[in-house]
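Results of the structural survey
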Amino acid sequence: MNEQDFLASYNRRDFLSPLITVDAALFTYHEEQLKVLLVKRGEHPEKGKWGLPGGFVDELQDKCLEDTVLRKLKEKTGVIPPYIEQLCSVGNNQRDVRGWSVTVCYTALIAHQVCEAHIDTVDSVMWCPIDEVAQQCLAFDHHELIAQARERLKQKSLYSIVPGFALPEVFTLPELQHVHEILIGKEIQKKSFRRRIEQADLLIDTGEKRAERGRPASLYRLKEASADYRFIRNLEF
């Protein structure tokens, strides 16, 4: 039997397959705190519980896992994040009562202003402050997924400008430093931070300014290649 004949007679439904889903730990920076996007489940199992946005792979629509996660986020937030990365894969026979389940989790940052209008009109979606997540009774193993995503963002904030994706399209350097500090959990040396940003050459000066604590501050936006850049050394405290 050649491969063509084998494929013609092969029926994948002859074998049990695990449930395949994606989940997204989507974070934003709002009211000077880090928040994660949660959705309320409207169907069993875990009906009525809050959890991460996600869902099943659709073989007719999705060419890859990233297509799935972006499609599900588009449904929940009304926008597609400018930056997203695969976080981890989790699979076992305990996480979902429907059967053996595998989920591929992604994480991303998005500016609150970009999706605020859409999310505010949907009762089943909310931005939950990260400090309050522990008090929520979340579906499946989403507490663990959020914890992993939070740690990943903390580490990336030490050596990249990824935190800038949680800010509006234009922002000041103090705002960029503050969101880094929120994600890292420590204050950063101002001179060291400014020097590292200048050396990286990842920002575009818009030529505009905004009053900040009585002084005009320059407004910047991220360059397209910012998500993939790594600082030569980690930020200093």
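In case you missed it, the structure is sitting above this.
Structural notes, computed from the coordinates. (Residues numbered from 1 in each chain as written. Predicted model: local features only at pLDDT ≥ 70, side-chain atom pairs only at ≥ 80, totals over all residues. Heavy atoms only, no water.)

1. Thoughts on the side chain of Ser 160
Just so we agree on the cut-off: Think of it this way: any DSSP run of H or I at least four residues long counts as a helix, any run of E at least two long counts as a strand, and we number them from the N terminus. For every residue, the accessible area obtained with a 1.4 Å probe (protein chains only) is divided by the maximum for its type, and the residue is called buried under 20%, exposed over 50%, and partly exposed between those limits. Here a polar contact is taken to be a pair of N or O atoms separated by no more than 3.5 Å, where protein atoms must pair a possible hydrogen donor with a possible acceptor and residues adjacent in sequence count only if both atoms sit in side chains. The criterion used for residue contact is that any of the two residues' heavy atoms lie within 4.5 Å.
By secondary structure assignment, the location of Ser 160 is in the loop between helix 4 (142-159) and helix 5 (173-184). You can call Ser 160 buried: its relative accessible area is 1%. Within the local environment of Ser 160, its side chain forms a polar contact with the backbone oxygen of Lys 156, the two atoms lying 2.7 Å apart. At a separation of 3.3 Å, a polar atom in the side chain of Ser 160 contacts the main-chain amide nitrogen of Val 162. What Ser 160 contacts, discounting residues up to four positions off in sequence, is His 180, Tyr 229 and Phe 231.

2. Section: the packing of aromatic side chains
Short version of the rule: Planes of paired rings set the category: under 30 degrees apart is stacked, over 60 is edge-to-face and the rest tilted, where pairs are Phe, Tyr or Trp rings (Trp by its six-membered ring) whose centres lie within 6.5 Å.
Taken as a whole, this structure holds four aromatic pairs when the rule is applied. With 6.1 Å between their ring centres and 20° between their planes, Tyr 10 and Phe 15 make a pair best called stacked. Classification of Tyr 10 as partly exposed rests on a relative accessible area of 43%. Judged by relative accessible area, Phe 15 falls into the exposed class, the value being 52%. Judged by centre distance (5.4 Å) and plane angle (20°), the ring pair of Tyr 83 and Phe 165 falls under stacked. Of this pair, Tyr 83 sits in the loop between helix 2 (65-77) and strand 5 (84-92) while Phe 165 sits in the loop between helix 4 and helix 5, and the two are 82 residues apart along the sequence.

3. Regarding the packing of helix 4 against helix 5
Filter applied, for reference: Whenever a helix is involved, its axis is fitted only over the stretch in contact; in every case the axis is a line through C-alpha atoms, and angles between N-to-C directions fall within 0 to 180 degrees. For classification, angles of less than 35 degrees are called roughly parallel, those exceeding 145 degrees roughly antiparallel, those between 65 and 115 degrees roughly perpendicular, and all remaining angles oblique. If you view the pair so one helix is near and one far, a crossing is left-handed when the near helix is turned anticlockwise from the far one by less than a right angle, and right-handed when it is turned clockwise. Residues are grouped as follows: Ala, Val, Leu, Ile, Met, Phe, Trp, Tyr, Cys and Pro are nonpolar; Asp, Glu, Lys and Arg are charged; all remaining types, including Gly, are polar.
The interhelical angle for the contact between helix 4 and helix 5, taken along N-to-C directions, is 135°, at an axis separation of 8 Å. Put simply, helix 4 runs oblique to helix 5. Taken as a pair, helix 4 and helix 5 cross one another with a handedness that is left-handed. Between helix 4, through Arg 150, Leu 153, Lys 154, Ser 157 and Leu 158, and helix 5, the contact on the second element is made entirely by His 180, Ile 182, Leu 183 and Ile 184. Looking at the contact of helix 4 with helix 5, its residues break down into five nonpolar, two polar and two charged.

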